[in-house]
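Notes for the structure review
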Amino acid sequence: MTPPDPSTAPAAGTQPEEADRLRGLLSSRPYQHALVLSALIGVPVSLAAFFFLAGLHELEHLLWAALPAEFGWSVPPWWWPLPLLTVAGLTVGLVVTRLPGAGGHIPAGGLHTAGMAPAALPGVILAALASLPLGATLGPEAPLIALGGCLALYFRNLARTPGTPQGTALLGAAGAAAALSAIFGNPLVAAVILIEVAGVGGPQLFAVMLPALLSSGIGSLAFTGFGHWTGFATGTLSVKVGVPSPRLDAGDVLWSVLMAVAVAVAVHLTLSAGRRAAVFVAGRPVVHTALCALAAGACAAVYALAVDRSPADVASSGQATLARLAADPHAWGVGALVAVLLCKGMAYALCLGSLRGGPVFPSLFLGAALGVLLAPLPGLGVVPGMAAGMAAASAAALRLPVSSVLLVVLVLGSAAMIPLIILAAVAAFVMAELLPPGLPVPPVGRPAGPPDARPAATWADDAERAAGRRKRSSR
């Protein structure tokens, strides 16, 4: 073997220096106080997140199940989303313009952990209560992140603990993770999502993770493939659940990678439409938010009229509908799948730019529905199709490949699909990153911190002019 080049070897003492730095950090009193405070904050934040989600669930059940039943309807009529989402749009528009924090981050901009002051919490809660139970095609994860982060900083201020920028970021992330674990039912998912959302390591983190993810996925396929081909067995640290899982083959892999690329393009177009909706809303927040919400309700109404199914399939986060789809995918005909993909995709884009919520749940449902639709392709199956579609859609929407892999694995509850999920997530993430970026998301409403001197309409005009310059330069 050729000896290593001394010029490329790490400097002597690098690892001990890093170890000493970590040891010094862990032994410092400010960091220890931050750890203790994070542990104490986890209890009230988790309780607040629980009651917040319980309130959302009860309101959604009241508006979409109990109230229609009082009028004698087993499912809501086709027109049901129209008044509900109009009210949602008007309420969110008022919250954006009248309360600090603009009701939270605009969903088209993705998940965020920073920049939300405790003064923004009432607006975040009101906007989420107005959006999610009334039929917004969004999930609750973004309001939960804001809820956890704001409460963590509120309790720190209540305890009169001196804050630093590093400590504020640490406590905000800790509170957000405590709240986020309530919706995903797993603290590990929350921690991984917060690590990626916070951008620890910057682009270098993704540059290191993607080869590792891709290599592990390919290696797992080859390893399990040789196990099936040769008949030999190797010792592994695993347990058998007792649930039959499909065996992956070359057809599953090929179709999943192709599907992931197509899903990434479709999700990119949807997010771009959501950003354009955000620019449209920024001009006149109250009126334009109501128009976008009404248009999202119209998408749900068209779906109900077209396929004679509940409009809640479109006007919802997709969490309950995803469970029904996974339980009986054959109950959805081709027409129903195509209709829900088109209508929910359009409603998703409109809600991303106007209402308040998170982008995770609708993307998971849309990916699963596409996987079920394409399952009859030669060599593909329902479970591999759903796994690849969900992984690709969530990775393209969130731009968080590791979090997407972990989330889809836990949702499906099948370790047999992990290699396929990794390949689909990596392919979709790379494709989404290579596509040209769309319009930036404009700031709207009253900020919770220092006021922004530039009005939203001016910002929207600047964004439109920037889009025009990009088009001219591309020609």
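Residues numbered from 1 in each chain as written. Predicted model: local features only at pLDDT ≥ 70, side-chain atom pairs only at ≥ 80, totals over all residues. Heavy atoms only, no water.

**Things to note about the overall build of the chain**
On a plain count of helices and strands, the chain comes out with 17 helices and 0 strands. Considering the chain as a whole, with its 475 residues, one finds that 47% of them fall into the buried category. When contacts within the chain are restricted to residue pairs at least 6 apart in sequence, those whose partners lie at least 24 apart make up 79%. (Helix = DSSP H or I, 4+ residues; strand = E, 2+ residues; numbered from the N terminus. Buried < 20%, exposed > 50% of the residue type's maximum accessible area, 1.4 Å probe, protein only. Contact = heavy atoms within 4.5 Å.)

**Notes on helix α13 (residues 360-374)**
In an α-helix, one full turn covers 3.6 residues, which means residues spaced three or four apart are oriented alike. Its 15 residues give α13 an end-to-end C-alpha distance of 21 Å, which sits within 8% of 21 Å, the value for a rise of 1.5 Å per residue. Of all 15 residues in α13, 12 are buried, a share of seventy percent or more. Those residues of α13 that sit buried are Val 360, Phe 361, Pro 362, Ser 363, Leu 364, Phe 365, Leu 366, Gly 367, Ala 368, Ala 369, Gly 371 and Val 372. (Expected span 1.5 Å × (residues − 1).)

**Focus on the pattern of salt bridges**
Enumeration over the complete set of coordinates arrives at 3 salt bridges. For Arg 309, the salt bridge goes to Asp 313, with nearest N and O atoms at 3.4 Å. Residue Asp 313 is classed as buried on the basis of its relative accessible area, which comes to 4%. Where salt bridges share partners, they join Arg 309, Asp 313 and Arg 324 into one cluster. (Salt bridge = Lys/Arg side-chain N within 4 Å of Asp/Glu carboxyl O.)

**Details of the layout of surface pockets**
The space that makes up the second largest pocket amounts to roughly 660 Å³. Contributing to the lining of the second largest pocket are 29 residues, with His 57, Glu 60, Ser 316, Ser 317 and Ala 320 lying nearest its centre. Of the residues contributing to the lining of the second largest pocket, the split by class is 16 nonpolar, 10 polar and 3 charged. (1 Å grid on protein atoms, 1.4 Å probe; cavity = no way out; pocket = protein on both sides within 12 Å on 5 of 7 lines; lining within 4 Å. Points joined across faces, edges and corners; volume = space filled by probe spheres on them. Nonpolar A, V, L, I, M, F, W, Y, C, P; charged D, E, K, R; others polar.)

**Description of empty space enclosed by the protein**
Applying the stated rule across the entire model yields 1 cavity of 30 Å³ or more. Contributions of two or more residues to the lining of the largest cavity are made by α4 (121-131) and α5 (141-158). With 4 residues, α5 is the largest single contributor of residues to the lining of the largest cavity. By residue class, the composition of the lining of the largest cavity is 7 nonpolar, 5 polar and 1 charged.

**Some thoughts on the packing of aromatic side chains**
Considering all chains together, one arrives at 6 aromatic pairs under this definition. Ring geometry for Trp 79 against Trp 80: centres 5.6 Å apart, planes inclined by 50°, an arrangement best described as tilted. By relative accessible area, which is 34% here, Trp 79 ends up partly exposed. Through a chain of ring-to-ring contacts, three or more aromatic side chains come together here, namely Phe 71, Trp 73, Trp 79 and Trp 80. For the cation-ring pair, Arg 309 lies above Trp 332, with the distance from its terminal atom to the ring centre recorded as 3.9 Å. (Phe/Tyr/Trp six-rings, centres within 6.5 Å; stacked < 30°, edge-to-face > 60°. Lys NZ or Arg CZ within 6 Å of the ring centre and 35° of its normal.)

**Topic: the environment of Ala 392**
Inspection of the secondary structure assignment puts Ala 392 in helix α14 (residues 382-398). Sequence separation between Ala 392 and Val 405 is 13 residues; the distance between their C-alpha atoms is 9.1 Å. Apart from the residues within four sequence positions on either side, Ala 392 is in contact with Ala 260, Val 263, Ala 424 and Ala 428.

**Examining the environment of Leu 322**
Structurally, Leu 322 is set in helix α11 (residues 319-327). Residue classification places Leu 322 among the buried positions, given a relative accessible area of 12%. Filtering out sequence-adjacent residues up to four positions away, Leu 322 remains in contact with Leu 364, Phe 365, Ala 368 and Met 390.

**Side note on a nonpolar patch on the surface**
Side chains of Leu 67, Phe 71, Trp 73, Trp 78, Trp 79 and Leu 305 sit close together on the surface and give an oily, nonpolar patch of about 610 Å² of accessible area. In this structure, Trp 79 sits in the loop between α2 (29-70) and α3 (81-98). (Patch = residues over 30% accessible without salt bridge, like charges linked within 9 Å, V, L, I, M, F, W, Y side chains within 5 Å. Areas by Shrake-Rupley, 256 points an atom, 1.4 Å probe, with all protein chains shown as cover.)

**Quick word on unusual backbone geometry**
The residue Asp 308 is not glycine, and still its phi comes out positive at about 55°. Assignment of secondary structure puts Asp 308 in the loop between α10 (285-307) and α11. Residue classification places Asp 308 among the exposed residues on the basis of a relative accessible area of 72%. Even without glycine at this site, Arg 399 takes up a positive phi of about 60°. With respect to the helices, strands and loops of the structure, Arg 399 is situated in the loop between α14 and α15 (401-412). Residue Arg 399 is classed as partly exposed on the basis of its relative accessible area, which comes to 23%.

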